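An overview of the molecular structure
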Amino acid sequence: MFNFENEMKNVFHILLLLLADASLFAQENVQSKIKYHTEKAQNYLDKEKALGSYYSITEEGIKIFSSAEEKKINKQEFFVPWKELGSFYSIIKNVKPEVLNQIYASGTYTYESCKKYFPVTAPAKNLLNEDQPTSTLPPATLYRYKIAIDPGHIAHNFEMGDLEKKHIIIKGDSINGIKDSIEIAEGMLTYATAILLKEKLESEGAIVFLTRTADKCAFGKTYHQWKKDDLKKAVDSLYKIGEIKSWQKDHFNSSKVKDRDIFRVIFRDLELAKRVELINNFNPDYTVVIHYNVDETNLDWIKTTDKNFNMCFVGGAFMKNDLSTKEKRFEFLRLLITDDLEKSIAISSSVMKSFENELKVPTATTRDAKYIIEGCLPTEANGVYCRNLQLPRYIHSPIVYGETLYQDNFNECKLLSAETDKTKNKRVQQVADAYFKGILNYVNSSPSK
Ligand SMILES: [Zn+2]
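What comes next concerns the included structure. (Residues numbered from 1 in each chain as written. Predicted model: local features only at pLDDT ≥ 70, side-chain atom pairs only at ≥ 80, totals over all residues. Heavy atoms only, no water.)

**Quick word on the coordination of the zinc ion**
Looking at the metal site, the zinc ion is ligated by His 153 (NE2), Glu 186 (OE) and His 291 (ND1), spaced 2.1 to 2.2 Å from it. Sequence positions of the residues that donate to the zinc ion give the spacing H-x32-E-x104-H. Of this pair, His 153 sits in the loop between strand 4 (146–151) and helix 6 (158–163) while Glu 186 sits in helix 7 (residues 186–203), and the two are 33 residues apart along the sequence. For Glu 186, a relative accessible area of 5% gives the class buried. (Donors = N, O, S within 2.8 Å, 3.2 Å for Na, K, Ca; no water. Helix = DSSP H or I, 4+ residues; strand = E, 2+ residues; numbered from the N terminus. Buried < 20%, exposed > 50% of the residue type's maximum accessible area, 1.4 Å probe, protein only.)

Listed below in structure tokens is the structure:
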């Protein structure tokens, strides 16, 4: 006979068991989250094992502190509970950095407390035409992928290369074994590589954005035009926020100041910040930053070197003084809780393999350059290193930051100096091709963006 009371008891019992199970699962889940994020912070983010006083990863969630003193009294700058982590992840992925700043300033992330900050309009990525192509052919591999490319530096000629100190001149003599002098400006190589890579990615359906043109920097003008239009404003605002001192302000406003000083102290970081702003506004799925390397021990690069390596950088490896501002602490948190870093390592690993195969140049190990051992943390991928550079720190997408070939290498300098139009240079074409194949292999082998 059906006994309602007994039946209800059973149902209740089962429910209790389920709940207990769920809470057990949640606990295990929290424990595994604690483990994952603690190891990630230690292995990829905290280069000198000196940042423990800026964060805590506990059963409550992740907290960020502005200093060791604040951590001692458990006064966090920001807190995200575990159960809100998924929601915060998608907010970071979809809203602009200005909105994220507001959320961070509010001190705690919960969906309910922060929804007032979210924009009413859809994020840029959703404004794309999401319709399927009308063709019956399968869509191109990179269909709907948004890729930003940043061609490193700004030089479009040797004079500009000189100003930014990215110009090598190797004298032709018998010791070098080179007949005529060789000149290379890195900015010309990176731009040509970017243009060639853009064409290839577009042919596979990607939407590609470049941060600069051949002769105009990220401000949309030449350095000299920027100096005319914007130097004074830039100097005044840097002084206002305490970035430069009073004597520096006077120095940079005087007519005697050298372009190299303006470039190094004022222009360079501001222009990099502009690149970040442009890239984050574009809201890419991936960002490719293109550089060509040199042998750091070959001072002044007037002779050739036998060394030649490829490497890639991703974010992370914060030093003990690298969490001095709210902005930097937010980026530390972003790298900790999003998968930007994991995806950066995965795509960079694929690009590294392609560099080695296509360019026939070895992958750099930790022994091959001082800055790798001193300023980087190794990842599980050969040749891919965490390094706290300005672009990997502030760009809100997975990133491939490639440093290919030593320009001052005996063979490379000869190859790279050929052709005035660098898009016609065979070696540059190979480099662009290597990036392209690496990206394509990664996309083909990964289940989603
Ligand atoms: Zn460079």
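Having seen the structure, we can now continue with the description.
**So, the nonpolar core**
Within the largest apolar cluster, 87 residues are counted, with the highest numbers of intra-cluster contacts made by Phe 78, Phe 88, Ile 103, Tyr 109, Ile 149, Leu 201 and Tyr 435. Broken down by element, this core gets its largest block of residues, ten residues, from helix 16 (residues 426–445). (Core = buried A, V, L, I, M, F, W, Y, C linked by side-chain atoms within 4.5 Å.)

**Here we look at helix 15 (residues 410–417)**
Among the residues of helix 15, those classed as buried are Glu 412, Cys 413 and Leu 416. Burial along helix 15 is one-sided: seen end-on, the buried residues are contained in an arc of 100°. Buried residues along helix 15 sit against strand 5 (167–170), strand 6 (182–185), helix 7, strand 8 (286–293), strand 12 (399–406) and helix 16. Of the residues one or two after helix 15, Glu 419 is the one with positive phi, at around 70°. (Arc of directions from axis to C-beta. Contact = heavy atoms within 4.5 Å.)

**Thoughts on unusual backbone geometry**
The backbone phi angle of Lys 49 is positive, close to 50°, even though this residue is not glycine. Tracing the chain through its elements places Lys 49 in the loop between helix 1 (4–45) and strand 1 (55–57).

**Considerations on the environment of Ala 418**
Relative to the assigned elements, Ala 418 resides in the loop between helix 15 and helix 16. On the accessibility criterion, Ala 418 (34% relative accessible area) is partly exposed. Distance in space between the C-alpha atoms of Ala 418 and Ile 182 is 9.4 Å, their sequence separation being 236 residues.

**What about the pattern of salt bridges?**
Under the definition given, this model contains 26 salt bridges. Residues Arg 334 and Glu 331 are paired through a salt bridge, measuring 2.7 Å at the closest nitrogen-oxygen approach. Note that Arg 334 and Glu 331 are positioned in helix 11 (residues 326–337) at a spacing of three residues, about one turn of the helix. With respect to class, Arg 334 is no different from Glu 331; both count as buried. Through salt bridges with shared partners, a single network forms among Lys 93, Glu 331, Arg 334 and Asp 340. (Salt bridge = Lys/Arg side-chain N within 4 Å of Asp/Glu carboxyl O.)

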